[in-house]
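A structural walkthrough
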Amino acid sequence: ISSVFTSGYAPGYAKLNKRGGAGGWSPLDSDHYQWLQVDLGSRKQVTAIATQGRYSSSDWTTRYRLLYSDTGRNWKPYHQDGNIWAFAGNSNTESVVRHDLQNPTVARYLRIIPLDWSEEGRIGLRFEIYGCPYWADVINFDGQGVISYRFKMKKMKILKDVIALKFKTSESEGVILHGEGQQGDYITLELRRGRLLLQINLGSNQYGSILGHTSVTSGSLLDDHHWHSVVIERYRRNVNFTLDQHTQHFRTNGEFDHLDLDYELTFGGMPYSGKPVSGGRRNFKGCMESINYNGENITDLARRKKLDTSSFRNLTFSCVDTHTFPVFFNDTSFLQLPGRRDHNMVSVGFQFRTWNPSGLLLFSSLADGMLELALNNGKVTAHINVTQQKNMHVDISSGSGLNDGEWHDVRFLAKENFAMLTTDGDEASAVRTTSPVQITTGSTYHFGGYFLRTRASPIQRSFQGCMQLIQVDDQLADLTAVEQGRMGAFENVSLDMCAIIDRCMPNHCEHGGRCSQTWDGFTCTCDGTGYTGATCHTSVYEQSCEAYKHLGRSSDSYWIDPDGSGPLGPFKVICNMTEDKVWTTVVNNLPAQTAVTGSSRERRTVLQLNYSASMEQVTAITNSAEHCEQHVAYACRMSRLLNTPDGTPYTWWVGRGNEKHFYWGGSVPGIQKCACGIERNCTDSKYYCNCDADQKQWRDDSGLLVYKDHLPVSQVAVGDTNRPGSEAKLTVGPFRCYGDRSYWNAASFNTPSSYLHFSTFQGETSADISFYFKTSAPYGVFLENLGNTDFIRLELKSPTVVSFSFDVGNGPVELNVHSPIPLNDDQWHRVSAERNTKEAILQLDQKYKEVRPAPTQGHTRLELYSQLYVGKPASWACQDSSAGGQRGFLGCIRSLKMNGVTLDLEERALVTPGVKPGCSGHCTSFGMYCRNGGKCVEKYNGYSCDCSTTAYDGPFCSKDVGGFFEAGTLVKYNLVPEVVAAASSLDEKSVIHNLPVETNLTREDLTFSFSTSTSPSLLVYVSTKTQDYMAVVLRHNGTLQLRYNLGGLREPFSVDIDQRNLANGQPHTVNISRVERDIEVQLDHYPPVSYTLPEASDTQFTLVKSLFLGKVFETGYIDPVIIEKYNTPGFVGCLSRVQFNSIAPLKAALRSRGSVPVSHQGKLVESNCGASPLTIPPMSAATDPWHLDAGIIAVVIFTILCTLVFLIRYMFRHKGTYHTNEAKGGESSESADAAIIGTEANFTETIDESKKEWFI
């Protein structure tokens, strides 16, 4: 059925490979309104289509669409990859192009719509349809009757269900099937707003603590009066819910496995039981076929009258079609219909559906003015403008959110001084106006678009969507007459078809992203999900604490996402960056020392632990960690733990996998012991746990659980606290792991032909790949995977270009990112690539990026078949042709993740020639994170910072090391060569490297920070065996002075560094550098100031001997001015970051183990109170509102300072826990505190208190 050019071009000649007539079909006009229709005689399953051009001509069709229908009306376009599919046709007259349908279709009628054709000729076509017979029992449901399937027993306890059926309807609401039981179980499948809703309840308990209700929605736009297939498969709580080949997997809520139903299962509606449970649900109105319930053919049983169908008025076994003749508009369409001319009333009505929030629904030129019905931000608005009546106009609006894809009914009535707009038949919400207007109608109504340039024109020009049941002047429009050209006109509309697509179903927005759509596309809102990108695919967080450390981050709480784009969501952990390890900590909710009472072996007390992450998330940390541990402690009094040596344990714990474990901290799996049993030091040697001795005194069994496959602890069951006097206290510490093997999982490719291969990459609609690489080669293929024609490839194309190329069936796409620096610099570079249905992205080093939008039409599925090759092209055999001369990769690849899964490069490299596991040379990329002169040290998995030659500490040598000095405290560091020899004799070779090679200096660098409220005082003094010295002092007025005496001058050379009072309790930083006569001094963040020694001065610092901090106590020459003015009582306050050339004397004094040439007198306690330099000058007395005359408050200050000094000394003398054994050497010390600190090298205490508590 079609138009034909002449009789020889009729459809009868359009069979594939036939040469009769003119050799095929050609229509009378070659335009976009032509179609060729075939009637298959009955419904068939269509699986493929093949086309040719017209024989021996220049006529062929290059692109076409396929429509199908059961009745020859209400056509539906063939969909594929979420779009109305356009098939590629022919490029000549004889070649056959065949397409196997990705989604086989059941239909009786088919239409081929040519979209493009030969430029040299006309539309020409020969074709063939392939398929197989199809037959099914059909039942027509009239909205009243239901089919009741009675069970053989009154009560059914069902463990497994399989329900399958097909349905079609024009209604958006209706119950398809329902079953229920008296215990509260039920299953219901129904249409709600054109979506399919499945509700299952396998049982809830009477207390409400277990709720079994489960609700899942699938599909949309199901009221299109086309067939839809549903399959529900349930086994226990696991359900597969399939609609039109899209399957959702879910587990029902609750803890029950059986579906308990009573009496019957009904199809087409709720049972007539008289119960109020139905809630006013509507019965299904439409057709169903092939209804199967657990192997029973329901439609066949109904045909043979084996089921109760008495509720039907007239049961028919054929589908009754209710035809509405929809019209489909695009942004260039319009439909023009005639109306009554010069009439004083406008009455129009129609139904529409769209995704767009705005568009023109109707426009009509009045005799003197205009009428416009439009959609604005989801509301229908009516606008009438009459020009003769002094521009009188009417503006009313109705409805909201009408761009939801559902059918909405619009009615508009206007006559003299009255207008009414109604949406969805709701008279209560009808909007009326009594504006004084008089209407005289024109003769035409434009629906869906108006493109004429007339004096009166609408604001909006077009509409994208569908309309049906169009009424003009209270008459239903005869669209069949319009289609046949007997009335009205149209442009670019599709008649008898609504080709609306829900682009948010299935939802391509991942990880909970919210989908919104217009007619042409969809967008994802990823706010609050922890993911980013066009489809919320890529995690915004790093995979582990290890990754954060290698971005230069310090210890803190961080969000991590171990599987990246995988299903696990991000979660928060505590990252502790130590010098050699990165610890990841997940806390639990069990308070320390939780008391347990009243438990027995028969009735144990079970303590449940909940963590700040789910068990799946914690398992992801565990799987990639090098080591995990969890501290457990059981404090007991007459409470046995494991009942050793041979009894049944009273207490056990449950870990990952819900397995019980009968060993305790300090032991290992399979050995029913505690730590003391392993170390053989239990209180009673007959037992393997201290608590098992069952003593009346408090005992303790504690230790680390380190077998990570059993961790973390999720439950502890305690079973011996019910006897008189029996008590126990349980502590389960946080779960801790270090290392991230996936982050450091690497392989080295040593030859151009070496490679690793893995199973085929599965990334059909969404794929992401990320990895690090380093190389000195100018090019190489990182990885490649091939399909028949599809492929995906990542490649270093040149020293500055990384390429990401792929083909999903629309032709090759290539993204290139250019780097401003060479990438073959043997440093680590990060590559991430992503492809989804919206776009493709390539990113390099998290800085340089290219984004390529996906085509709006075409293939979206990446179908690969070959193995994944890493390190060389999969197309190696044909590299000189199709592979474009690609080369294998030389260098290292690590942390290769594909869709969130880390590929184990190291394991595969162990058994692959030419590839070695691991990779060295991390310091070239990460050495920059070692600050303040710290040295980068290579490790197999990463690097560490050696801070031994710096005044700093911590994982990045950025943590200040400082100390609090009391009056009289001093630190002395010996610089003479004899000390070097002494240290060497003690095998402390590292000390030699910390000391200057020469003792005569022509240059020195001194850096330190300080804070104090007292002056005068000595900060730093460097003595020599001669009279040379260097000193930094605080004068009486609090100003800072630098003194040099290098010989040749009568008086030492002195520099007043600043005129401000620096003894103000605030931290200050000083940097002093001398090179011969040139001295440069920088205070805090102010610019450096340069000074020059006089010409008469020597430039050599001769025979340096010792460095002092806080006070000088020396046997040789000391400048008398220093002794008289600055040495008594000495510096009181904080010093930190002290570094003299390559020596860190204060750090050595605080961390020494007895062999370093450093000593101290008085009380020295580690502190951080001098760490942060002041960046804003202190307020001067002239502007300080609190400034008082010093003479007035001198006595008060003196009294307060004396009291404070006494209190501070008292606090430090009595704070803390004393050791029970006296320290050796105590008799020669000033106090017990000094004895302990002087003899125990590791006795330090960090003071984090406010500076205002030290100084007023």
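Residues numbered from 1 in each chain as written. Predicted model: local features only at pLDDT ≥ 70, side-chain atom pairs only at ≥ 80, totals over all residues. Heavy atoms only, no water.

**Examining the overall build of the chain**
A count of helices and strands for the chain gives 14 helices and 83 strands. Here the contacts in the chain between residues at least 6 apart in sequence split such that 69% fall between residues at least 24 apart. A total of about 56,800 Å² of accessible surface is found on the chain, and carbon and sulfur atoms cover 50% of it. (Helix = DSSP H or I, 4+ residues; strand = E, 2+ residues; numbered from the N terminus. Contact = heavy atoms within 4.5 Å. Areas by Shrake-Rupley, 256 points an atom, 1.4 Å probe, with all protein chains shown as cover.)

**What to know about the pattern of salt bridges**
Evaluated as defined, the whole model comprises 51 salt bridges. One salt bridge in this structure joins Asp260 and Lys157, with 3.5 Å as the shortest N-O distance. One end of the pair, Asp260, is in strand E19 (residues 259-267); the other, Lys157, is in strand E10 (residues 147-158), with 103 residues separating them in the sequence. Residue Lys157 is classed as exposed on the basis of its relative accessible area, which comes to 59%. It is possible to trace a salt-bridge network through shared partners that takes in Arg43, Asp70, Lys168 and Glu289. (Salt bridge = Lys/Arg side-chain N within 4 Å of Asp/Glu carboxyl O. Buried < 20%, exposed > 50% of the residue type's maximum accessible area, 1.4 Å probe, protein only.)

**A look at the pairing of strand E43 (residues 582-586)**
For E43, a buried count of five out of five residues is recorded, marking the element as mostly surrounded by other parts of the structure. Alternating residues of E43 divide into Val582, Thr584 and Val586 and Trp583 and Thr585, and every residue in both groups is buried. Pairing of strand E42 (residues 571-577) with E43 involves four bridges; the strand directions are antiparallel. Residue pairing for E43: Met577 is matched across the bridge by Val582. (Pairing = 2+ DSSP bridges.)

**Focus: helix H4 (residues 615-624)**
Burial of H4 is extensive: seven of the ten residues sit out of reach of the surface. Among all positions of H4, only Gln617, Val618, Thr619, Ala620, Ile621, Thr622 and Ser624 are buried.

**What about the sheet that holds strand E27 (residues 379-386)?**
The seven strands are arranged E28-E27-E26-E25-E32-E23-E35 in an open sheet whose pairing can be described as antiparallel. Sheet topology places strand E28 (392-398) and strand E35 (489-491) at the edges, where each strand pairs with a single neighbour. With direction set aside, neighbouring strand axes in the sheet form an average angle of 10 degrees. Note: strand E25 (residues 359-366) against strand E32 (residues 444-447), two bridges, orientation antiparallel. Counted as the bridge partner of Phe363 is His446 from E32. (Axes fitted to C-alpha atoms, helices over the stretch in contact; angles between N-to-C directions.)

**Side note on the sheet that holds strand E13 (residues 186-192)**
One open sheet accounts for six strands, arranged E10-E19-E12-E13-E14-E15; its pairing is antiparallel. Strands at the two margins of the open sheet, each flanked by one partner only, are E10 and strand E15 (213-218). Adjacent strand axes in the sheet meet at a mean angle of 15 degrees when their direction is disregarded. Pairing between E10 and E19: eight bridges, direction antiparallel.

**Notes on the nonpolar core**
Core analysis: the largest hydrophobic core is formed by 45 residues, its most contacted members being Phe1008, Phe1010, Leu1019, Leu1040, Leu1042 and Leu1135. It is helix H12 (residues 1145-1151) that contributes the most residues to this core, four residues altogether. When residues no more than four places from it in sequence are discounted, the contact partners of Leu1042 are Met1030, Ala1031, Val1032, Phe1053, Ser1054, Val1055, Ile1057, Ile1072, Ile1079 and Val1081. (Core = buried A, V, L, I, M, F, W, Y, C linked by side-chain atoms within 4.5 Å.)

**What about the packing of aromatic side chains?**
Per the stated rule, a full pass over the model turns up 32 aromatic pairs. Aromatic pair Phe329 and Phe463: ring centres 6.0 Å apart, planes at 65 degrees, arrangement edge-to-face. In this pair, Phe329 is assigned in strand E22 (residues 327-329) and Phe463 in the loop between E32 and strand E33 (465-472), connecting sequence segments 134 residues apart. Residue classification places Phe329 among the buried residues on the basis of a relative accessible area of 0%. Residue class for Phe463 comes out buried when judged on its relative accessible area of 1%. (Phe/Tyr/Trp six-rings, centres within 6.5 Å; stacked < 30°, edge-to-face > 60°.)

**Considering the state of the cysteines**
Across all of its chains, the model carries 13 disulfides by this definition. Shown here is the disulfide that connects Cys287 with Cys319, its sulfur atoms set 1.9 Å apart. Residues Cys287 and Cys319 are joined by a disulfide whose S-S torsion is about 100 degrees; by sign, that bridge is right-handed. Taken as a pair, Cys287 in strand E20 (residues 285-293) and Cys319 in the loop between helix H1 (298-303) and E22 lie far apart in primary sequence, 32 residues in all. The exposure class of Cys287 is buried, given its relative accessible area of 0%. Bridging Cys674 to Cys689, the disulfide has an S-S length of 2.0 Å. A torsion of 85 degrees about the S-S bond marks the disulfide between Cys674 and Cys689 as right-handed. (Disulfide = S-S within 2.5 Å.)

**Things to note about the pairing of strand E74 (residues 1029-1034)**
Most of E74 sits out of view: six of its six residues are buried. What you see with E74 is no split at all: Tyr1029, Ala1031 and Val1033 on one side and Met1030, Val1032 and Leu1034 on the other are buried throughout. For strand E73 (residues 1017-1024) and E74, the ladder comprises six bridges, and the chain directions are antiparallel. Its bridge partner being in E74, Ser1017 is matched across the sheet by Leu1034. Between E73 and the antiparallel strand that follows it, E74, lie four residues. Looking at chain direction, E74 and strand E75 (residues 1040-1045) are connected through six bridges and run antiparallel. Of the residues in E75, the one forming a bridge with Ala1031 is Arg1043. Hairpin connection, E74 to E75: the antiparallel pair is bridged by five residues, and Gly1038 has positive phi, about 85 degrees.

**Thoughts on the side chain of His661**
Among the secondary structure elements, His661 is positioned in strand E48 (residues 660-661). Within the structure, His661 has its side chain in polar contact with the side chain of His710 (distance 3.4 Å). In this structure His661 touches Trp652, Trp653, Gly655 and His710, once residues within four positions along its chain are discounted. (Polar contact = N/O pair within 3.5 Å; in protein donor to acceptor, adjacent residues only side chain to side chain.)

**A look at the environment of Lys959**
Here Lys959 shows up in strand E69 (residues 959-960). For Lys959 and Cys947, which are twelve residues apart along the polypeptide, the C-alpha to C-alpha distance reads 10.0 Å. Ignoring sequence-local partners within four residues, the contact set of Lys959 consists of Tyr952, Asp953 and Gly954.

**Quick look at the environment of Thr525**
Here Thr525 lies in strand E38 (residues 522-525). Between the alpha carbons of Thr525 and Arg514 there is a distance of 5.0 Å; along the sequence they are eleven residues apart.

**Regarding unusual backbone geometry**
Trans is the common state for peptide bonds, and a negative phi is the common state for residues other than glycine. Of the consecutive residues Thr644 and Pro645, the connecting peptide bond is found in the cis state with omega at 10 degrees. Relative to the elements of secondary structure, Pro645 occurs in the loop between strand E46 (627-637) and strand E47 (652-654). Residues Leu711 and Pro712 are joined by a peptide bond in cis, for which omega reads 5 degrees. Position of Pro712 relative to the elements: it lies in the loop between strand E49 (699-705) and strand E50 (715-718). Phi angles above zero are rare outside glycine, and Phe325 is one such case at about 50 degrees. Relative to the helices and strands, Phe325 resides in the loop between H1 and E22. The backbone of Cys957 shows a phi angle near 55 degrees, a positive value even though the residue is not glycine.

**Brief notes about a nonpolar patch on the surface**
Residues Val668, Ile671 and Ile678 make up a contiguous nonpolar surface patch of roughly 210 Å² in combined accessible area. Its place among the elements puts Val668 in the loop between E48 and helix H5 (675-679). The class of Val668 is partly exposed, set by a relative accessible area of 38%. (Patch = residues over 30% accessible without salt bridge, like charges linked within 9 Å, V, L, I, M, F, W, Y side chains within 5 Å.)

**A look at the confidence of the model for the chain**
On average, residues of the chain score 85 in pLDDT, and 88% of them reach the 70 mark or higher. Of all the helices and strands in the chain, helix H14 (residues 1232-1239) carries the lowest mean pLDDT, 31, while strand E16 (residues 228-235) carries the highest, 96. The low-confidence segment residues 877-885 (pLDDT under 50) makes six contacts with residues lying over four places distant or belonging to another chain. (pLDDT = per-residue confidence, 0-100.)

**Overview of the environment of Arg736**
Inspection of the secondary structure assignment puts Arg736 in strand E51 (residues 727-738). It is 5.6 Å that separates the C-alpha atoms of Arg736 and Cys628, two residues lying 108 residues apart in sequence. Other than its neighbours up to four places away in sequence, Arg736 contacts Trp583, Thr584, Thr585, His627, Cys628 and Glu629.

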